[in-house]
Amino acid sequence: MISIQNVSKHYGSFQVLTDCCTEVKKGEVIVVCGPSGSGKSTLIKCVNGLEPFQSGTITVDGISVGNPKTNLSKLRSRVGMVFQHFELFPHMSITDNLSIAQIKVLGRSKDEARAKGLKLLDRVGLKAHAEKFPGQLSGGQQQRVAIARALAMDPICMLFDEPTSALDPEMINEVLDVMVELAREGMTMMCVTHEMGFAKKVANRVIFMDQGRIVEDDSKDAFFANPRSERAQHFLAKILSH
Amino acid sequence: MYEFDWSSIPGALPFLWDGLKVSLEITVTAVAVGIVWGTLLAMLRLSSVRWLGALAAAYVNLFRSIPLVMVLLWFFLIVPQLLKGALSLDPNTDVRLTSAMIGFALFESAYYSEIIRAGIQSVPKGQASAASALGMTYAQAMRLVVLPQAFRNMVPLLLTQAIVLFQDTSLVYVSALADFFGAAYKVGDRDGRLVELLLFAGAVYFVICFAASQLVRRYQKKLNAHVAH
């Protein structure tokens, strides 16, 4: 579904990504972790072309992201993305947030888009908030709406860029619950997150990044049981010690 | 001691009212064109195509470095000839109003583009990313997501600029166009009551602009309350 081959990226002389390679098969859930500044968010943003990269290739469903001839907007409309800071549109009601791209990008009718949005809103447990504005919801609720907004486009896969790291602790679980459910339904997912509980529960593989390189790319059992690199051991020891 | 004599004002009111309409017409046109053209300039300046940005920056810097009254004078001297030539108008057609409107609009767009540029930059970058991630094109992301938020933040500044612009319309007197100020001047000159007429004109400008700026302040308070919650 997603294939990342020898991807490198630099800002001027600063190397952000070096020679990253990995594959995400249909239905797989991949967790990407690593210390901050390791390039994990940049890598996931390269997958739908939000960040350009200088060398290597990324294909999504067989379509090359880096190819200038690719219709990136069309490709992005098929790849869902959830951001750290939710990025709901604050000037629109929740319903409009859910339906605007369905209408303007996919060409669905207003009624169809609204019905689909409400169905997904119900699924993330927020149907009662349909007519509110994003500013009236808690962080956890906003992030659930953001997931519903991405799902409304019927994506072939979902990218999560640290979906819980801007949330208060008591709201993290409500978002993770939605993600776990999604994973169990067979959605192809690539998640940048530090939530190791989530990784243990649903990930097929864990990718560990450090200084722009993919240092480990292993099944979750192998990763948690005995990470091969010292840096990953260090990272896990720190993150799991409490 | 100077003796005030206001008697020439009542009879001149219809003429002054026509002048006020000219001032308002110029203001509205310049604001409307200024916002549209200013938005385009702002988007060019923020675009990743470097020469487009440089071109827009040159335009903005040029107009911001020339006194408005000179721009108006040039347009008064040049545009009428061009318009008459281009539209093959009767040489006696009065195109002073049109040329004043064009001059103001082009001049004000430079200022509006700076306000709008700041407004666009005030919208977090993640908003454009989110719009793109949903498959929107650049134009859709701008039109549906970034600009509505930018304009909501900018409305007080845009209106304040419009108030300044309304005052600046008095500069069209250089083309002898009878705007409100010009009309007041003419009446005062004719009746030898310049002081009274100019005091009256000043009072009218003050009332209009002060009332408008109070409205802007009230709107801004409402906006801040809305953002805070």
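Sequence positions are assigned chain by chain, starting from 1 and proceeding in written order. Lettering of chains starts at A and numbering of ligands starts at 1, both following the order in which they are written. Reporting in this predicted model follows two pLDDT cut-offs: at least 70 for local features of residues, and 80 or more for side-chain atom pairs to be given and counted; totals over whole chains, interfaces and linings ignore these cut-offs and use all residues. Hydrogens and water molecules were not included; the side-chain quantities draw on all heavy atoms of the structure.

Caption draft 1: Just the overall build of chain B, in detail. Secondary structure elements follow DSSP: runs of H or I of four or more residues count as helices, runs of E of two or more count as strands, with numbering from the N terminus. Looking only at helices and strands, chain B features eight helices and zero strands. Traced from its N-terminal end to its C-terminal end, chain B shows the element sequence α-α-α-α-α-α-α-α. For chain B, the C-alpha atoms occupy an extent of roughly 70 × 50 × 25 Å along the three principal directions. A burial count over chain B gives 42% of its 229 residues as buried. The contact definition used throughout considers only heavy atoms, calling two residues in contact when any of these lie within 4.5 Å. Contacts in chain B between residues far apart in sequence, at least 24 positions, make up 77% of those at least 6 positions apart. Counting only carbon and sulfur atoms, one obtains 68% of the accessible surface of chain B, whose full area is about 12,200 Å². Within this scheme the basic residues Lys and Arg register as positive and the acidic residues Asp and Glu register as negative, but His and the chain ends are omitted. The location of each charge is read from NZ of Lys, CZ of Arg, CG of Asp or CD of Glu. Between the mean site of the 17 positive side-chain charges and the mean site of the 13 negative ones, chain B shows a separation of 19 Å. Only protein chains enter the accessibility calculation, which uses a 1.4 Å probe; a residue whose area is less than 20% of its type maximum is buried, one above 50% is exposed, and one in between is partly exposed. Surface accessibility follows the Shrake-Rupley procedure with a 1.4 Å probe radius. Residue values consider only the protein chains on display as shielding.

Caption draft 2: Examining the overall build of chain A more closely. From N to C terminus, chain A includes nine helices and ten strands. We compute the radius of gyration over the C-alpha atoms and compare it with the globule rule, which gives 2.2 Å times the number of residues raised to the power 0.38. A globule of 242 residues ought to have a C-alpha radius of gyration of about 18 Å, and chain A, at 18 Å, matches this closely. Reported as C-alpha extents along the three principal axes, the dimensions of chain A are approximately 55 × 45 × 30 Å. The buried share of chain A, reckoned over its 242 residues, is 55%. For chain A, the share of sequence-separated contacts (at least 6 apart) that also reach a separation of at least 24 residues comes to 64%. Counting every atom, chain A has about 10,600 Å² of accessible surface; 48% of that belongs to carbon and sulfur.

Caption draft 3: How the structure looks around the sheet that holds strand E10 (residues 213-219) of chain A. Residues and elements named next belong to chain A. Here the rule is simple: two strands pair whenever DSSP picks up at least two bridges between them. What the six strands build is an open sheet, ordered E6-E7-E8-E3-E9-E10; its pairing is mixed. A strand with exactly one partner marks an edge of an open sheet, and here the two such strands are strand E6 (79-82) and E10. Averaged over all adjacent pairs, the angle separating strand axes in this sheet is 15 degrees, with direction ignored. Sheet topology note: the strand E3 (residues 29-33)/strand E9 (residues 205-210) ladder contains four bridges and is parallel. Angular values range over 0 to 180 degrees, each being the angle between N-to-C directions of two axes fitted as lines to C-alpha atoms, with helices fitted over their stretch in contact.

Caption draft 4: Region of interest: the layout of surface pockets. We place a 1 Å grid over just the protein atoms. Points where a 1.4 Å probe fits but has no way out form a cavity, open points with protein on both sides within 12 Å along at least 5 of 7 lines form a pocket, and any residue with an atom within 4 Å of a point lines it. Grid points are joined across faces, edges and corners, and a volume is the space filled by probe spheres set on the points. Volume-wise, the largest pocket comes out at about 980 Å³. Every residue lining the largest pocket is counted, 30 residues in all, and those nearest its centre are A:Leu50, B:Lys125, B:Ala128, B:Ser129 and B:Ser132. Looking at the lining of the largest pocket, the elements with two or more residues in it are helix H2 (72-77) of chain A together with helix H4 (96-121), helix H5 (125-133) and helix H6 (138-168) of chain B. Ranked by residues supplied to the lining of the largest pocket, first place goes to H5(B) with five residues. Partitioning the lining of the largest pocket into residue classes produces 13 nonpolar, eleven polar and six charged. Amino acids are sorted into nonpolar (Ala, Val, Leu, Ile, Met, Phe, Trp, Tyr, Cys and Pro), charged (Asp, Glu, Lys and Arg) and polar (every other residue, Gly among them).

Caption draft 5: Molecular detail of the pattern of salt bridges. Residues and elements named next belong to chain B. The term salt bridge refers to a pairing of a side-chain nitrogen on Lys or Arg with a carboxyl oxygen on Asp or Glu at a separation within 4 Å. One pass over the structure, following the stated rule, counts 20 salt bridges over all chains. The partner of Asp18 in a salt bridge is Lys21, with the nearest N and O atoms 3.7 Å apart. Placement of both Asp18 and Lys21 in helix H1 (residues 8-46) is noted, with a separation of three residues, approximately one turn of the helix. Relative accessible area serves as the criterion here: at 39%, Lys21 is assigned to the partly exposed category. Several salt bridges share partner residues, and in doing so they unite Arg45, Arg64, Glu114 and Arg117 into one network.

Caption draft 6: Quick look at the pairing of E3(A). Residue and element names in this part refer to chain A. When you tally the buried positions in E3, you get five out of five residues, the bulk of the element. Of the pairings in the sheet, the one linking E3 to strand E8 (residues 189-192) comprises four bridges and is parallel in character. Following the sheet pairing, Val31 is matched in E8 by Cys191.

Caption draft 7: Focus on the confidence of the model for chain B. Confidence in the prediction of chain B, expressed as mean pLDDT, is 88, and 96% of residues score 70 or more. Per residue, pLDDT captures the predictor's confidence, and it can take any value from 0 to 100. By mean pLDDT, helix H3 (residues 68-86) of chain B is the weakest element of chain B at 80, and H5(B) is the strongest at 95.

Caption draft 8: Focus on the interface of chain A and chain B. Taken together, the contacts link 21 residues of chain A with 18 residues of chain B. Here chain A and chain B share zero salt bridges between them. Counting of polar contacts relies on pairs of N or O atoms within 3.5 Å, with two restrictions inside protein: one atom must be capable of donating a hydrogen and the other of accepting it, and residues adjacent in sequence are counted only when both atoms are side-chain atoms. Here chain A and chain B share four residue pairs in polar contact (both at pLDDT 80 or more) between them. For the side of chain A that touches chain B, the secondary structure elements donating two or more residues are H2, E6 and helix H3 (94-104) of chain A. For the side of chain A that touches chain B, a count of residues per class yields twelve nonpolar, five polar and four charged.

Caption draft 9: Structural context of the side chain of A:Thr18. Of note, A:Thr18 is situated in strand E2 (residues 14-24). What A:Thr18 contacts, discounting residues up to four positions off in sequence, is A:Val7, A:Ser8, A:Gly212 and A:Arg213.

Caption draft 10: Quick peek at unusual backbone geometry. Residue and element names in this part refer to chain A. In this model, Asp19 sits at a positive phi of 55 degrees, which is unusual for a non-glycine residue. Even without a glycine there, the phi angle at Gln211 is positive, about 50 degrees. The topology assignment puts Gln211 in the loop between E9 and E10.

Caption draft 11: The arrangement of the sheet that holds strand E5 (residues 63-64) of chain A in detail. Residues and elements named next belong to chain A. With respect to topology, four strands assemble into an open sheet ordered E2-E1-E4-E5, the strand pairing being antiparallel. The open sheet has two edge strands, E2 and E5, and neither has a second partner. One ladder, built from five bridges, connects strand E1 (residues 2-11) with strand E4 (residues 55-60); its direction is antiparallel. Paired with Ser8 across the two strands is Ser55, which belongs to E4.

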